[in-house]
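Residue-level structural notes
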Amino acid sequence: MEAEFVYPDYGPASICGLANGILKHYGLSPLHPVLDISDFVGKSERLLLFIVDGLGIENLKKLVKNRSFNIIGKVEWQRLTSTFPSTTATAITTLSTGLTPIEHGIIGYILYFKEFGTVANAIEMCPIGGKRDMLLHMGLKPERFLQGETIFQKLSSAGVEVYSITHSRLVNTGFNRVIAQGAHQKGFYGLSDMCTTVLNIFKEKRCPVFVSVYWGLVDTMGHRYGADGEIYQREATLILRTLEEELLPRLEEDVVMMIVSDHGQIPTSWEDEIWWSREDEIYRFLKILPTGEQRMMYLHSGDVKGLMEYLMNNYDQRLALFTASEAVSKGLLGEGTPHPYVFDRMGDLILVARKRFSFNFRYTGQEQSLGGRHGGLSREEMIVPLIVLRR
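In what follows, the accompanying structure is described. Since we're looking at a predicted model, the values are computed, not measured. (Residues numbered from 1 in each chain as written. Predicted model: local features only at pLDDT ≥ 70, side-chain atom pairs only at ≥ 80, totals over all residues. Heavy atoms only, no water.)

What about the pairing of strand β15 (residues 349–353)?
Rules: The buried label goes to any residue with under 20% of its type's maximum accessible area, the exposed label to any with over 50%, and the partly exposed label to all in between, with areas taken from a 1.4 Å probe on protein chains only. Here a helix means four or more residues in a row that DSSP labels H or I, a strand means two or more in a row labelled E, and each is numbered from the N terminus. One bridge is not enough; two strands pair if DSSP finds at least two bridges between them.
Counting buried residues in β15 gives five out of five residues, a clear majority hidden from the surface. Both faces of β15 are covered, namely the face carrying Leu349, Leu351 and Ala353 and the face carrying Ile350 and Val352. Pairing of strand β13 (residues 296–299) with β15 involves four bridges; the strand directions are antiparallel. Bridging from a neighbouring strand, leucine 299 pairs with leucine 349 of β15. Note: strand β14 (residues 319–323) against β15, five bridges, orientation antiparallel. Within the sheet, the bridge partner assigned to leucine 321 lies in β15 and is leucine 351.

Description of helix α3 (residues 57–66)
Here is the rule: Whether two residues touch is decided by their heavy atoms; if any such pair falls within 4.5 Å, the residues are in contact.
Residues of α3 that are buried include every one of Ile57, Glu58, Asn59, Leu60 and Leu63, and no others. Considering only its buried residues, α3 is in contact with β2 (78–81), α12 (230–247), α16 (379–382) and β18 (383–390).

A few points about the packing of helix α11 (residues 217–225) against α12
For clarity, the threshold we go by: What counts as an axis is a line fitted to C-alpha atoms, over the stretch in contact for a helix, and the angles between N-to-C directions run from 0 to 180 degrees. Working definition: roughly parallel below 35 degrees, roughly antiparallel above 145 degrees, roughly perpendicular at 65 to 115 degrees, and oblique for all remaining angles. Classification convention: Asp, Glu, Lys, Arg as charged; Ala, Val, Leu, Ile, Met, Phe, Trp, Tyr, Cys, Pro as nonpolar; all other residues, Gly among them, as polar.
At a minimum axis distance of 8 Å, the contact between α11 and α12 shows a crossing angle of 170°. Taken together, the axes of α11 and α12 lie roughly antiparallel to each other. Mapping the contact onto sequence places Leu217, Val218, Met221, Gly222 and Tyr225 in α11 and Ile231, Tyr232, Glu235, Ala236 and Ile239 in α12. Here the residues of the contact of α11 with α12 are counted per class, giving eight nonpolar, one polar and one charged.

What to know about the pattern of salt bridges
So the rule is basically this: Here, a salt bridge means any Lys or Arg side-chain nitrogen found within 4 Å of an Asp or Glu carboxyl oxygen.
Per the counting criterion, the structure on display carries 17 salt bridges. Between aspartate 228 and lysine 62 there is a salt bridge; the shortest N-O distance is 3.0 Å. Taken as a pair, aspartate 228 in the loop between α11 and α12 and lysine 62 in helix α3 lie far apart in primary sequence, 166 residues in all. Through salt bridges with shared partners, one network takes in Arg46, Arg206, Glu252 and Asp254.

Brief notes about unusual backbone geometry
Residue proline 85 follows phenylalanine 84 across a cis peptide bond; omega there is -10°. Along the chain, proline 85 turns up in the loop between β2 and α4 (88–97). Not every positive phi belongs to a glycine, and tyrosine 10 is a case in point at roughly 65°. Within the secondary structure, tyrosine 10 is located in the segment before α1 (15–25). Residue tyrosine 10 is classed as buried on the basis of its relative accessible area, which comes to 7%. The residue methionine 125 is not glycine, and still its phi comes out positive at about 55°. Relative to the elements of secondary structure, methionine 125 occurs in the loop between β4 (118–121) and β5 (126–127).

Side note on the pairing of strand β1 (residues 46–52)
Burial within β1 is extensive, with seven of its seven residues counted as buried. Of the two faces of β1, the one carrying Arg46, Leu48, Phe50 and Val52 and the one carrying Leu47, Leu49 and Ile51 are both buried. As judged from the seven bridges shared by β1 and strand β8 (residues 209–215), these two strands associate in the parallel manner. Bridging from a neighbouring strand, valine 52 pairs with tryptophan 215 of β8. Note: β1 against strand β9 (residues 256–260), five bridges, orientation parallel. Bridge assignment links isoleucine 51 to a residue of β9, and that residue is valine 260.

Topic: the packing of aromatic side chains
Keep this limit in mind: When the centres of two rings from Phe, Tyr and Trp lie within 6.5 Å, Trp using its six-membered ring, the rings pair. Their planes under 30 degrees apart give stacked, over 60 give edge-to-face, and anything left gives tilted. Working rule: Lys NZ or Arg CZ, within 6 Å of ring centre, within 35 degrees of ring normal, means a charge sits over the ring.
Using the criterion set out here, one finds 11 aromatic pairs in the structure. Sitting over the face of the ring of phenylalanine 69, arginine 241 holds its NZ or CZ atom 5.7 Å from the ring centroid.

A word on the packing of α3 against α12
Contact pair α3 / α12: the axes reach a minimum separation of 10 Å and the direction vectors enclose 85°. As the angle between them shows, α3 and α12 are arranged roughly perpendicular. For the pair α3 and α12, contact is made by Asn59, Leu60, Lys62, Leu63 and Asn66 and by Tyr232, Gln233, Ala236, Thr237 and Leu240, respectively. Considered class by class, the residues forming the contact of α3 with α12 number five nonpolar, four polar and one charged.

Let's talk about the sheet that holds β9
Pairing within the open sheet is mixed, and its seven strands lie in the order β2-β18-β9-β1-β8-β6-β7. Each of the sheet's edge strands pairs with one partner strand only, and the pair in question is β2 and β7 (184–188). Averaged over neighbouring strand pairs, the angle between their axes works out to 20° when direction is ignored.

None of this, on its own, says anything about what the molecule does.
In structure tokens, the structure reads:
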């Protein structure tokens, strides 16, 4: 059964290794084994990290078969593992800190925040169904949320000019304030002003510079219309062609662009969806609502044995189960000093969907079927590309 799973590495061949490799490249001490990026970028201290959300290496393979690219389809891609869960909240935090999930504690999209007594959306920073950033009004302090500094803070302290660029609607949100601490934060509205913002930074700053850009629409289109579908591939093509045709030729020759993704996506169908609610039998085994993702869940139970028997009797070919201690021993969340709340957030039992199944909970009744998902341990979700481009 586990042969179908790809476990996160958190070493050199991982996005954690990439983040730590960036620290080492600028002369700083890494927190974990590094991906030696000097093999790809040489001695350049003017780096652009472009994060394309939701574009795994299997997604990219399918894309280059259907679309033409001047460069990206012809250069070598490095294979990196994402985090567990393979989801933006967790993976972007690892990319932004060099910490493993067990260290930074943001171990999923929906989490139990014991310190606030609620189940909440980690990216929206609000209780389920609430308004964005409500947790900040409940006392969450973005600058104190992480147990450790971001790579931006460390690079800035070392004299590197550091920028974090994302869509304007995300710039001042609570989550972005957590992961982008230490960076000059800039927003964009579309491809054109994103490119202009990046080009202006490298034109104006001749000193060591590190620029991180986040592009989220590929993931959005995969969720809405289906991973590897026409609309998903069109969005991925637009951003990748923009990078190689519009942005790269206008960068100074000493600037190196690294394209990476936080995770991949797997196509999913409504036929493979399992839906639960407070009215279903599983609910009597739970102490709080299920958390995590639709391709994995953290389950808090007062009757772990009974819950495991119920799940295996009804869904055994559609899921794998790990106790919290098994997940830690297998290194699913990495190594390091655990975040003070990570075990409260992990719960008692971890469910991981197999094949293309998904497990969904009706928190508000507004939840919908999705054409693409991530969070699990499939190859499509877990393996991401690193592509290095320079003039």
